[in-house]
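Summary of the model geometry
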Amino acid sequence: MYGMLLESVQHFVQLEYGEEVWKEVLRLSDCPYTVFNTHQIYPDCVIPSLALACAEITSDSYDSFMNFFGRCFIRYMGRFGYDVSIQATGRFFTDFLQNVDNLHSQFRFTYPKMESPSMYLTEVNENGCNLVYSSVRQGFKHYLMGQLQQVAMEYFHLDVTTTVLETRLSNANNRSLYVITLRLDFDNSQYIMEALRRNSNMQTTRLTPVPCEMLLRLFPFGILINSSMKVVGVGDKLAQVSDNSENILGDDVTSHFRIRRPKAISFTWKNLYYLRSVLFSLEFLCGAGLASQVESPNHDNRGNERAAEFNYAIKLHELRRDSNQGMKNILLKGQMKYINDINIIIFLCSPILNDLDELPERGLFLNDLNLHGLSREMVLAGWQHNSKLELTFDKAEQRSIKLEQSYKLLDTWKRRSDDLLYSMIPKTVADRLRGGNSSLTTCESFDSVTIMFCDLVGINSTTVEDAMDLVSSMNEVFSCIDELMDKYHVYKVETVGQIYMAASGAPERTKTHAEDMADLSLDMIHNIKSLRMPSGGHVEVRIGIHSGSTVAGVVGIKVPRYCFFGDTVNTASRMQSTSLAGHVHISSVTRDLLPQDRYVVTSRGFVQVKGKGDMETFWLFPSTH
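Residues numbered from 1 in each chain as written. Predicted model: local features only at pLDDT ≥ 70, side-chain atom pairs only at ≥ 80, totals over all residues. Heavy atoms only, no water.

Overview of helix H4 (residues 62-77)
- Over its 16 residues, H4 runs 23 Å from end to end, which matches the ideal 22 Å to within 8%, given 1.5 Å per residue.
- Among the residues making up H4, those that are buried are Phe 65, Met 66, Asn 67, Phe 68, Phe 69, Gly 70, Cys 72, Phe 73, Ile 74, Tyr 76 and Met 77.
- Tucked into the core, H4 has its buried residues touching helix H1 (3-17), helix H3 (46-58), helix H5 (83-87), helix H7 (100-107) and helix H8 (141-156). (Helix = DSSP H or I, 4+ residues; strand = E, 2+ residues; numbered from the N terminus. Expected span 1.5 Å × (residues − 1). Buried < 20%, exposed > 50% of the residue type's maximum accessible area, 1.4 Å probe, protein only. Contact = heavy atoms within 4.5 Å.)

Printed below as a string of structure tokens:
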């Protein structure tokens, strides 16, 4: 689906529920996009996932939010001037419903990759009508209801009640279609009165019947189809360009014609009858009759002779618009009309040709085209402007490709910038800064956190080579520690030289901050022992941990960092500086926060700590259980 649908959702969720709710919706739905672009294609699953997230946050139902999203789209599209197209469809809401497919055909010039649904009406009366909706998308039933209700209310001042009568799965052109029949209840009395008035006028001006042959001369590309979907008549010019017009009469219409528009329907009498107000595009398979002769086991000699003239075997997969010269199919565009007297549908149409070059490719000449249909003028104008249009389309396509590449590159760089930002500042704090809050608002006091300092032991540098080994060794060790941070929900504060600092319990408050830091420290010692340094030696670490209150906030402008301040930080640093290689040195405060059954804690005795005097400290070991 195009980004315009998602833009409407974002705009009205932010407008009616607030920016914070929208951010939470994106998070819960795992939506990888924070900005939607009008002409970019997005997966169909995005809107349902957003509706599920909204329902979870607000405790409202999923169906109600899908209905709300459908209403949002109708309200939003007026910003682009599409409200004029809706108002121009007809005087009544029923006129709009009958012309939705034509609107989609019009929008396809702006949105060429649009997968539009198809709709037709049945059982139209003064109390409403039944609407049959066909689409390749599943799960947009309530979205459709919201759209219909909003159009009726906003443009026709009607209240519409929708009821689902039937839901079924169909198939058309080797694609699965989800078909929904809805009952729309509304005041349709004015439309019925106008229809009765028109019919009464037609009855008073009834003319003398004329033969169907005359009708097919007036419309030389017309097609007569009976209720069994058999071709019972074709226009003069269509028969003339056909390889064997006699074989067309009496055959299934699907053997010689293929629906191009509307897409989301199957080629049935019911669809042709109910979609009479919709513009159809049929592709006439010029070689279908001859192909059936060649491939049939009972074909006569005349079929063999005709096939030999082409000097190749005609196959069904070659019967496309872009197939061989002289065999290109003809695209016919027009309207289905029902003739009640003989229970026949006639397709009143004209061939669609871009320029003069296409005429010989389809076996046509200018005098074959209808004068009253302006076909000749369109072909001549197309021939004159075709080169300009081709150049314009090529440029537009190139720009579209570049734009899509730019969007993808933008998403990639945005993810990279987010990763870089979240490595410097915690995500919750960074999001607050993005919301426009000043860095001073990020300053908070925490009653109880655990701070850890880790120092590399046994490496130093006196030469340039030693310095390179030192950098490589530090990279190995610190990378190993970085991988453990998310596992234990610990935040990496910073590294200064050979010192690594981490905090637990801030900015995300947790009651198990001491346990998380203890588990991390013991795992660090275990993993670092198994590391092999680039220089071939081993590295050990000494760790110090202390718990207590602290203050944290963002400091700096050019390279902002989330920093911790207070006596707790100083004491944790002293625990590290007085520790031993391969040991975890903790204070009595941290020991009291740890469960006794999970760890082995032994007293080290009293240690002289700068600024604190004598403190009883402890060694931390993993439990032997």
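Observations regarding a nonpolar patch on the surface
- On the surface, Val 210, Met 214 and Leu 218 cluster together into a nonpolar patch covering about 290 Å² of accessible area.
- Summarising the element assignment, Met 214 is placed in helix H10 (residues 212-218). (Patch = residues over 30% accessible without salt bridge, like charges linked within 9 Å, V, L, I, M, F, W, Y side chains within 5 Å. Areas by Shrake-Rupley, 256 points an atom, 1.4 Å probe, with all protein chains shown as cover. Salt bridge = Lys/Arg side-chain N within 4 Å of Asp/Glu carboxyl O.)

Concerning the packing of H3 against H4
- One way to put it is that H3 packs onto H4 with a least axis distance of 8 Å and a crossing angle of 125 degrees. As the angle between them shows, H3 and H4 are arranged oblique. Considering how the two elements wind past one another, H3 and H4 form a crossing that is right-handed. Each of Ile 47, Pro 48, Leu 50, Ala 51, Leu 52, Cys 54, Ala 55 and Thr 58 in H3 lies in contact with H4, whose residues at this interface are Tyr 62, Phe 65, Met 66 and Phe 69. (Axes fitted to C-alpha atoms, helices over the stretch in contact; angles between N-to-C directions. Parallel < 35°, antiparallel > 145°, perpendicular 65-115°, else oblique. Left-handed = near helix turned anticlockwise from the far one by under 90°.)

Let's talk about the environment of Gly 235
- If you trace the backbone, Gly 235 turns up in the loop between strand S6 (231-234) and helix H11 (236-241).
- Separated by 21 residues in sequence, Gly 235 and Met 214 have C-alpha atoms that sit 9.7 Å apart.
- Sequence-distant contacts of Gly 235, defined by excluding residues within four places in its chain, comprise Leu 216, Phe 219, Pro 220, Phe 221 and Gly 222.

What to know about the pattern of salt bridges
- Summed over the entire model, instances satisfying the criterion amount to 17 salt bridges.
- Put simply, Glu 24 and Arg 27 hold a salt bridge, and the shortest N to O gap is 2.4 Å. In this pair, Glu 24 and Arg 27 both sit in helix H2 (residues 19-28), three residues apart, roughly one turn of the helix.
- On the basis of relative accessibility, which here comes to 48%, the residue Arg 27 falls in the partly exposed class.
- Here Asp 519 makes a salt bridge to Arg 598, at a shortest N to O gap of 2.9 Å. Pair noted here: Asp 519 is in helix H20 (residues 513-529) and Arg 598 is in the loop between helix H22 (588-593) and strand S17 (599-609), with a separation of 79 residues, a long-range link.
- Given a relative accessible area of 17%, Asp 519 falls into the buried group.
- Residues joined in a network through salt bridges with shared partners are Arg 258, Arg 260 and Glu 283.

Section: the sheet that holds S6
- In space, the six strands of this open sheet follow the order S6-S5-S10-S9-S8-S7, with antiparallel pairing throughout. Pairing within the sheet leaves two strands with one partner each, and these edge strands are S6 and strand S7 (257-261). With strand direction ignored, the average angle separating the axes of adjacent strands in the sheet is 35 degrees.
- The pairing of strand S8 (residues 279-284) with strand S9 (residues 330-339) spans six bridges and is antiparallel. In the sheet register, Leu 282 faces S9, and the bridge partner there is Leu 332. (Pairing = 2+ DSSP bridges.)

Things to note about the nonpolar core
- Of all hydrophobic cores here, the largest spans 61 residues; its most connected members are Ile 47, Leu 50, Phe 69, Phe 93, Phe 96, Leu 97 and Leu 184.
- Considering each element in turn, this core owes the most residues, nine residues, to H4.
- Every residue in contact with Leu 184, bar those within four places of it in the chain, is listed here: Leu 97, Asn 127, Gly 128, Cys 129, Leu 131, Leu 148, Val 160, Thr 161 and Thr 162.
- Among the nonpolar cores identified, the runner-up in size contains 36 residues, and Ala 514, Ala 518, Leu 520 and Leu 531 belong to it. (Core = buried A, V, L, I, M, F, W, Y, C linked by side-chain atoms within 4.5 Å.)

Quick notes on the packing of aromatic side chains
- Inspection of every chain in the model, using the stated rule, returns 23 aromatic pairs.
- With centroids separated by 6.2 Å and ring planes inclined at 80 degrees, the aromatic side chains of Tyr 17 and Phe 68 adopt a geometry described as edge-to-face. Here Tyr 17 is found in helix H1, whereas its partner Phe 68 is found in helix H4, with 51 residues between them in sequence.
- Using a relative accessible area of 13% as the deciding quantity, one classes Phe 68 as buried.
- Ring geometry for Tyr 33 versus Tyr 42: centroids 4.8 Å apart, planes at 85 degrees, classification edge-to-face.
- Here Tyr 33 falls in the buried class, since its relative accessible area comes to 17%.
- Linked through ring pairs, Tyr 120, Trp 269, Tyr 273, Tyr 274 and Tyr 338 together constitute an aromatic cluster.
- In this arrangement the basic side chain of Arg 416 is found over the ring face of Trp 413, its NZ or CZ atom lying 4.7 Å from the centre. (Phe/Tyr/Trp six-rings, centres within 6.5 Å; stacked < 30°, edge-to-face > 60°. Lys NZ or Arg CZ within 6 Å of the ring centre and 35° of its normal.)

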